[in-house]
Amino acid sequence: ALGHYFSLENRSHLESIQRQFLPTLEASRDLEDLLEKIQRGLHDAAAAENPDGVRATEPLQAEFLAKIDVLEANGLRSPEELGNLRSSFTEYYRLAGQTTSKLIADGMSDTLLPELAHMTERYNAIHAALRRATDRDRHQMATAFRSAIGANEQSSAWNAILSVSLTVILFA
């Protein structure tokens, strides 16, 4: 019965890693990558003076928002944190798209500099928040693995104790 209990506990740890921790970590890393791809796409559109390049980032925006939905479904992040991320990203993307479009249409100007600075600040804030979240997700997954290993070691120890105890009783 004790061995069965530890087996179920191990299974529970491993299933939570598979269902929650790993998909959350993957989504966190994907969000970092998507944010960088969006920023790079907008930069390339501005450098090439290509208005279609701005629109070409829209699928990346949709994918970013879908990854936030994945995080919500996994249940390891608070609704408040994800709501803040969604609104910060949505505001950044709106601002970045408008600013890049103005830059393409009108060229660089002194009036555009504050918008570029604000866009950069928003990007940096989101990027830093994503990096912190990914680091936290890595830590949580490592903790979950350590718990599974600990449960496995505890199970092995109890099995050894029971085996020795039964051997002593049988040969006593």
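Up top is the structure these notes are about.
These numbers come from a predicted model, not from an experiment.

Student: Go over the overall build of the chain, please, and point to the residues and values.
Tutor: A tally of regular secondary structure across the chain gives five helices and zero strands. For the chain, the sequential pattern of α-helices and β-strands runs α-α-α-α-α. Computed over the C-alpha atoms, the radius of gyration of the chain is 25 Å, more than 25% above the 16 Å expected from 2.2 N^0.38 for a compact globule of 172 residues. In terms of its C-alpha atoms, the chain occupies a principal-axis envelope of roughly 95 × 25 × 25 Å. Relative to its full complement of 172 residues, the chain shows a buried share of 31%. On the chain, roughly 10,300 Å² of surface is accessible, and the fraction owed to carbon and sulfur atoms is 57%. Considering the chain, the positive charge centre built from 17 side chains and the negative charge centre built from 24 side chains are found 4 Å apart.

Student: Tell me about helix 3 (residues 58–74), and name the residues and values.
Tutor: Spanning 17 residues, helix 3 covers 25 Å between terminal C-alpha atoms, matching the ideal 24 Å at 1.5 Å per step. Buried within helix 3 are the following residues: Leu60, Phe64, Ile68, Leu71 and Asn74. Around the axis of helix 3, the buried residues are gathered within 120° of arc, so they sit on the same side. In helix 3, the exposed positions that point more than 90 degrees away from the buried face belong to Pro59 and Ala73. Note on helix 3: the residue one or two positions beyond its end, Gly75, has a positive phi of about 75°.

Student: Would you mind going over a nonpolar patch on the surface in detail, with residue names and values included?
Tutor: Together, Leu14, Phe145 and Ile149 line one region of the surface with nonpolar side chains, adding up to about 270 Å² of accessible area. Mapping Leu14 onto the fold places it in helix 1 (residues 2–47). Classification of Leu14 by relative accessible area gives partly exposed; the value is 46%.

Student: An account of the pattern of salt bridges is requested, with residue identities and associated values reported.
Tutor: Enumeration over the complete set of coordinates arrives at eleven salt bridges. With a closest N to O distance of 3.7 Å, Glu81 and Arg77 form a salt bridge. The residue Arg136 makes a salt bridge to Glu81 at a minimum N-O spacing of 2.8 Å. A residue pair is termed long-range when its members are at least 10 positions apart, and Arg136 in helix 5 (residues 113–171) and Glu81 in helix 4 (residues 79–106) qualify at 55 residues. Since its relative accessible area comes to 26%, Glu81 is described here as partly exposed. Put simply, Arg77, Glu81, Arg136 and Asp137 are held in one network by salt bridges that share partners.

Student: Describe in detail helix 4, supporting the description with residues and values.
Tutor: Over its 28 residues, helix 4 extends 40 Å from the first C-alpha to the last, a length consistent with the 40 Å expected when each residue adds 1.5 Å. Listed in full, the buried residues belonging to helix 4 are Leu82, Leu85, Phe89, Tyr92, Tyr93, Leu95, Ala96, Gly97, Thr99, Thr100 and Ile104. Phi for Gly107, located one or two positions after helix 4, is positive at around 80°.

Student: Run through the nonpolar core, naming residues and quoting values.
Tutor: Grouped together as the largest cluster of nonpolar side chains are 26 residues, with contacts concentrated most on Leu35, Phe64, Phe89 and Tyr92. For this core, the elements supplying multiple residues, two or more each, are helix 1, helix 3, helix 4 and helix 5. Formed by five residues, the second largest nonpolar core is a distinct cluster that contains Ile17, Phe21, Leu25 and Ala144.

Student: Can you lay out the side chain of Thr100 for me, pointing to particular residues and giving the numbers?
Tutor: Structurally, Thr100 can be placed in helix 4. Using a relative accessible area of 5% as the deciding quantity, one classes Thr100 as buried. Reaching out from Thr100, the side chain makes a polar contact with the backbone oxygen of Ala96 at a distance of 2.7 Å. Apart from the residues within four sequence positions on either side, Thr100 is in contact with Leu42, Ala45, Ala46, Val54 and Met119.

Thresholds, definitions, all that
Residues numbered from 1 in each chain as written. Predicted model: local features only at pLDDT ≥ 70, side-chain atom pairs only at ≥ 80, totals over all residues. Heavy atoms only, no water. Helix = DSSP H or I, 4+ residues; strand = E, 2+ residues; numbered from the N terminus. Rg over C-alpha atoms; globule rule 2.2 N^0.38 Å. Buried < 20%, exposed > 50% of the residue type's maximum accessible area, 1.4 Å probe, protein only. Areas by Shrake-Rupley, 256 points an atom, 1.4 Å probe, with all protein chains shown as cover. Lys, Arg positive; Asp, Glu negative; His and termini not counted. Charge placed at Lys NZ, Arg CZ, Asp CG, Glu CD. Expected span 1.5 Å × (residues − 1). Arc of directions from axis to C-beta. Patch = residues over 30% accessible without salt bridge, like charges linked within 9 Å, V, L, I, M, F, W, Y side chains within 5 Å. Salt bridge = Lys/Arg side-chain N within 4 Å of Asp/Glu carboxyl O. Core = buried A, V, L, I, M, F, W, Y, C linked by side-chain atoms within 4.5 Å. Polar contact = N/O pair within 3.5 Å; in protein donor to acceptor, adjacent residues only side chain to side chain. Contact = heavy atoms within 4.5 Å.

Any link to function would need more than the numbers given here.
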